[in-house]
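# Structure at a glance
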Amino acid sequence: MAKKRRIVIALGGNALGNTLPEQMAAVKITAKAIVDLIEEGCEVVVAHGNGPQVGMVNNAMIALTHEDVQQPNTPLSVCVAMSQAYIGYDLQNALREELLNRGIFDIPVATMITQVRVDENDPAFQAPSKPIGKFVTAKQAKMMEENFDYVMKEDSGRGYRRVVASPKPVEIVEISTIRTMVNSGNLVIACGGGIPVTRQGNHLKGASAVIDKDFASCLLAKELDADYLIILTAVEKVALNFGKPDETWLADVSVEEAQRYVTEGHFAVGSMLPKVEAAVDFAASKPGRTALITLLEKSRDAIQGKTGTMFHQ
């Protein structure tokens, strides 16, 4: 029997929606695309982002502190853990249902609440830039800075938002458990946003940060010795000169070519750049590893080589 291709899928925000009702609807579509890959003979591990969700949880926790003065402020790392759990809950239920609907009864689905260690000396902590939560007034921002030690920044005349660091992941704390579950045939949901922690002796301390899901997914794929990293986004392929008259869609890109495009500044910092950097990192990490960037609904075609942008050595 041929060895199954091991794939780590990094789900973007469009695969999860922005509200609870949107997410419950979105995960049903997401589950179909993932089970398509399983029917294609792949062993799938699911990772995902949590930007809108952790912002929503953080807003709810702030509202609670306003209603009850005895309620302490909830650390961002705890908000990330909450978002991981409820996203995992919706995803694993949708995946289980889709598997059973297709007569696949031997693949258990489970969510691993995952801590991801970051370096406390990562320069990102000195320059927080990732906005989370809702817009507030200057007065509210001042109160948050004084009471919660938040870093607040004005955003294009729309008000103030909290900004946090986005350090690079250096270790997946629960990787041994995740690996054991995957090797046992489970469909595992892991590294959902990654609960950011720093090591203090034997203690793991939560950090006020969020971890880019593309870099966390890349690290997960390398640690699991995956064959493919599939980063799902809002476009079918990566483009050079995106949105310009000389826009060029990329189908097959070597690591060297992709690194040159990054150096030339073809990819936007807040959108495509981290995806390309993660794809290059994974593809360069070991011979035979391939990264793909494509649309959720095109993932099956991409693994067959019909579409998407493929990164390879």
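Data block above holds the structure.
Counting restarts for each chain, with residues numbered from 1 along the sequence as it is written. Restriction of local features to residues with pLDDT of at least 70 applies here, the model being predicted, together with a cutoff of 80 or more for giving and counting side-chain atom pairs; totals for whole chains, interfaces and linings are based on all residues. With hydrogens and water set aside, each side-chain value is computed from the structure's full complement of heavy atoms.

### A few points about the overall build of the chain
Per the convention used, a helix needs a DSSP run of H or I reaching at least four residues, while a strand needs a run of E reaching at least two, with both numbered from the N terminus. Looking only at helices and strands, one finds nine helices and 17 strands in the chain. Buried residues in the chain amount to 50% of all 313 residues. Here, two residues are considered to be in contact whenever any of their heavy atoms come within 4.5 Å of each other. Across the chain, the fraction of contacts at a sequence separation of at least 24, relative to all contacts at a separation of at least 6, is 75%. Under the convention used here, a 1.4 Å probe and the Shrake-Rupley method define accessible areas, while residue burial counts only the protein chains that appear. On the chain, roughly 14600 Å² of surface is accessible, and the fraction owed to carbon and sulfur atoms is 51%. Distance between charge centres in the chain, computed from 32 positive and 37 negative side chains, equals 1 Å. Think of it in three bands: with a 1.4 Å probe and only protein chains considered, a residue is buried below 20% of the maximum accessible area for its type, exposed above 50%, and partly exposed in between. The charge count includes Lys and Arg as positive and Asp and Glu as negative, but it does not include His or the ends of the chains. Charge coordinates come from a single atom per side chain, which is NZ of Lys, CZ of Arg, CG of Asp or CD of Glu.

### Some remarks on unusual backbone geometry
Even without glycine at this site, Cys191 takes up a positive phi of about 55 degrees. Secondary-structure assignment places Cys191 in the loop between strand 9 (187-189) and strand 10 (195-200). Residue class for Cys191 comes out buried when judged on its relative accessible area of 1%. Of note in this structure, Asn241 is not a glycine but carries a positive phi near 55 degrees. Position of Asn241 among the secondary structure elements: in the loop between strand 13 (238-240) and strand 14 (248-250).

### Quick word on the side chain of Ser83
You can see Ser83 is positioned in helix 3 (residues 76-101). Those residues in contact with Ser83, other than ones at most four positions away along the chain, are Asn50, Gln53 and Val54.

### Overview of the nonpolar core
Burial of nonpolar side chains together is a common tendency in soluble globular proteins. We call a set of buried residues a nonpolar core when its members are Ala, Val, Leu, Ile, Met, Phe, Trp, Tyr or Cys and they connect through side-chain atoms within 4.5 Å of each other. Counting 46 residues, the largest nonpolar core has Ile178, Leu220 and Phe311 as the members making the most contacts within it. Discounting chain neighbours no more than four positions away, the residues touching Ile178 are Met112, Thr114, Ile172, Val188, Ala190, Leu220 and Leu224. Val27, Val35, Val54 and Val164 belong to the second largest nonpolar core, which has 44 residues in total.

### Brief notes about helix 6 (residues 213-223)
Most of helix 6 is tucked away, with nine of its eleven residues classed as buried. Buried residues in helix 6 make contact with strand 1 (5-11), strand 2 (42-48), strand 8 (169-172), helix 5 (175-183), strand 12 (228-233) and helix 8 (272-284). Whenever two N or O atoms come within 3.5 Å, that pair is a polar contact, provided that in protein one can donate a hydrogen and the other can accept it, and provided that, for residues adjacent in sequence, both atoms are side-chain atoms. For helix 6, the N-terminal cap is Asp212; the gap from its side-chain oxygen to the backbone nitrogen of Asp214 is 2.8 Å. One or two steps after helix 6, the chain reaches Asp225, where phi turns positive at roughly 55 degrees.

### Overview of the packing of helix 7 (residues 255-263) against helix 8
Their axes nearest at 10 Å, the elements helix 7 and helix 8 cross at an angle of 150 degrees. Here helix 7 lies roughly antiparallel to helix 8, going by the angle between them. The two elements helix 7 and helix 8 meet at a crossing, and its hand is left-handed. Only Leu273, Val276, Glu277, Val280, Ala283 and Ala284 of helix 8 make contact with helix 7, whose side of the interface consists of Val255, Ala258, Gln259 and Val262. Of the residues in the contact of helix 7 with helix 8, the class split is eight nonpolar, one polar and one charged. In this analysis, axes come from line fits to C-alpha atoms, helices being fitted only over the stretch in contact, and the angle between any two N-to-C directions falls in the range 0 to 180 degrees. Small angles under 35 degrees read as roughly parallel and large ones over 145 as roughly antiparallel, with 65 to 115 read as roughly perpendicular and the rest as oblique. The handedness criterion is simple: a crossing whose near helix is rotated anticlockwise from the far helix by less than a right angle is left-handed, and one whose near helix is rotated clockwise is right-handed. Each residue gets one of three labels, nonpolar for Ala, Val, Leu, Ile, Met, Phe, Trp, Tyr, Cys and Pro, charged for Asp, Glu, Lys and Arg, and polar for the others, Gly among them.

### A closer look at the sheet that holds strand 6 (residues 152-154)
DSSP calls a pair of strands paired once it identifies at least 2 bridges connecting them. If you trace the three strands from one edge of the open sheet to the other, you get 5-7-6, paired in antiparallel fashion. Strands at the two margins of the open sheet, each flanked by one partner only, are strand 5 (130-136) and strand 6. For this sheet the average axis-to-axis angle between neighbouring strands, irrespective of direction, equals 35 degrees. Both strand 5 and strand 7 (residues 160-164) contribute to a ladder of four bridges, which runs antiparallel. Opposite Val136, over in strand 7, you have Tyr160 as the bridge partner. Sheet contacts for helix 4 (residues 138-148): strand 5, strand 6 and strand 7; angle to strand 5, the most-contacted strand, approximately 125 degrees.

### Examining the pairing of strand 10
The pairing of strand 4 (residues 115-118) with strand 10 spans three bridges and is classified as parallel. When the sheet's bridge partners are listed, Val116 is paired in strand 10 with Pro196. Both strand 10 and strand 11 (residues 203-206) contribute to a ladder of four bridges, which runs antiparallel. Residue pairing for strand 11: Arg199 is matched across the bridge by Leu204. The antiparallel pairing of strand 10 with strand 11 creates a hairpin that spans two residues between the two strands, and Gly201 there sits at a positive phi of about 65 degrees.

### Here's the deal with the sheet that holds strand 12
The eight strands are arranged 3-9-2-1-12-16-17-15 in an open sheet whose pairing can be described as mixed. Because the sheet does not close on itself, it has two edges, and the strands there are strand 3 (109-111) and strand 15 (252-254). Taking the axes of each pair of neighbouring strands and ignoring which way they run, one obtains an average angle of 20 degrees across the sheet. Looking at chain direction, strand 16 (residues 290-295) and strand 17 (residues 309-312) are connected through three bridges and run antiparallel. Of the residues in strand 17, the one forming a bridge with Leu292 is Met310. Relative to the sheet, helix 3 contacts strand 1, strand 2, strand 3 and strand 9, its axis offset from that of strand 3 by approximately 175 degrees. Set on the sheet, helix 6 makes contact with strand 1, strand 2 and strand 12; between it and strand 1 the angle comes to about 165 degrees.

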